Amino acid sequence: MAIVVDAGTLATGTGTGNLAAQTPSLGGATPQLVLFALGNNVGIGNDKNLAFGAATGVAERACVVSSFGGGITTTATCHNLRTDAVLATYRGDETLDGVLDISAVGANSFTPAVDDAFGASETVGWLAFAGLDGVSVGTLLLDADGPTGTDSVTGLSFQPDGVILFGYQATVGTAAAGGEWSFG
């Protein structure tokens, strides 16, 4: 099968639980990788979030978010890397504002789920892939002093044809002050 890609959007709503299953046009194939992206204004003072996430299924997912305080008198920022969700938003003061996860992947569909309610309904973009030889989503801790050596990812059952890296500078799962965020 050739690589097949489809894109769409979904609305998070302001409650929790499973959202409607998304059915990308992948020729009947099961999504092997779904990427998620969000740029929004949330909370008091129009805090801004930039968020990106990926999932191969319910057990293999990660996301990174950076939030910037938008109020005239604030410079609060925070960021987080999570391995328990496909997207999250925060206010600049490190207050969680919403968490999107994935609860199922089936034939030609995936089901997003809101684990922590969003303060306002958000529009999330997604990009689904099928026909790949192998896919994996994970995290890796790099040397805190910067790129001074090499890091290895082992245990994959395939040789990657491509790698997408996204991250930030702090402990996984802990919102931290500052606006570090990287993507490559």
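One can find the structure itself at the top, above this paragraph.
We now turn to the structure provided with this report. All of these numbers come straight from a predicted model, not from anything done at the bench.

**Some details on the sheet that holds strand β7 (residues 87-90)**
Within the open sheet, the four strands sit side by side as β2-β9-β8-β7. Their pairing is antiparallel. Taken across any chain shown, the strands that pair with only one partner, and hence form the sheet edges, are β2 (17-18) and β7. Where β7 and strand β8 (residues 96-106) come together, four bridges link them in antiparallel fashion. Each residue of the ladder has a partner; that of Tyr-90, found in β8, is Leu-96.

**Some points on the packing of aromatic side chains**
One pass over the full model with this rule turns up two aromatic pairs. Judged by centre distance (5.9 Å) and plane angle (85°), the ring pair of Phe-36 and Phe-110 falls under edge-to-face. With a gap of 74 residues between them, Phe-36 in strand β3 (residues 33-42) and Phe-110 in strand β9 (residues 109-116) connect regions that are remote in the sequence. Accessibility assignment for this pair places Phe-36 and Phe-110 in one class, buried. Here the aromatic rings of Phe-110 and Trp-126 are separated by 5.3 Å at their centres, their planes lie at 85°, and the arrangement is edge-to-face. Taken as a pair, Phe-110 in strand β9 and Trp-126 in strand β10 (residues 123-130) lie far apart in primary sequence, 16 residues in all.

**Here we look at the pattern of salt bridges**
For the coordinates displayed, the defined rule picks out two salt bridges. Across the pair Asp-101 and Arg-61 runs a salt bridge whose closest N-O atoms are separated by 2.8 Å. Of this pair, Asp-101 sits in strand β8 while Arg-61 sits in strand β5 (residues 61-68); the two residues are 40 residues apart in sequence, bridging distant segments of the chain. Assessed through its relative accessible area of 7%, Asp-101 is described here as buried. Of the residues examined, Arg-61 reaches a relative accessible area of 16% and is grouped as buried. The salt bridge involving Asp-84 is made with Arg-82; its shortest N-O contact spans 2.9 Å.

**Notes on the side chain of Thr-111**
Relative to the assigned elements, Thr-111 resides in strand β9. Looking at Thr-111, the relative accessible area reads 14%, which means it is buried. Setting aside residues no more than four positions away along its own chain, Thr-111 makes contact with Asn-18, Leu-19, Ala-21, Asp-101, Ile-102, Ser-103 and Ala-104.

**Quick notes on the side chain of Arg-82**
With respect to the helices and strands, Arg-82 occurs in strand β6 (residues 77-82). There is a polar contact of 2.9 Å between the side chain of Arg-82 and the side chain of Tyr-90. Residues within four places of Arg-82 in sequence aside, it is in contact with Ala-62, Cys-63, Ala-88, Tyr-90, Leu-96 and Val-99.

Reading the values: the criteria
Residues numbered from 1 in each chain as written. Predicted model: local features only at pLDDT ≥ 70, side-chain atom pairs only at ≥ 80, totals over all residues. Heavy atoms only, no water. Pairing = 2+ DSSP bridges. Helix = DSSP H or I, 4+ residues; strand = E, 2+ residues; numbered from the N terminus. Phe/Tyr/Trp six-rings, centres within 6.5 Å; stacked < 30°, edge-to-face > 60°. Buried < 20%, exposed > 50% of the residue type's maximum accessible area, 1.4 Å probe, protein only. Salt bridge = Lys/Arg side-chain N within 4 Å of Asp/Glu carboxyl O. Contact = heavy atoms within 4.5 Å. Polar contact = N/O pair within 3.5 Å; in protein donor to acceptor, adjacent residues only side chain to side chain.

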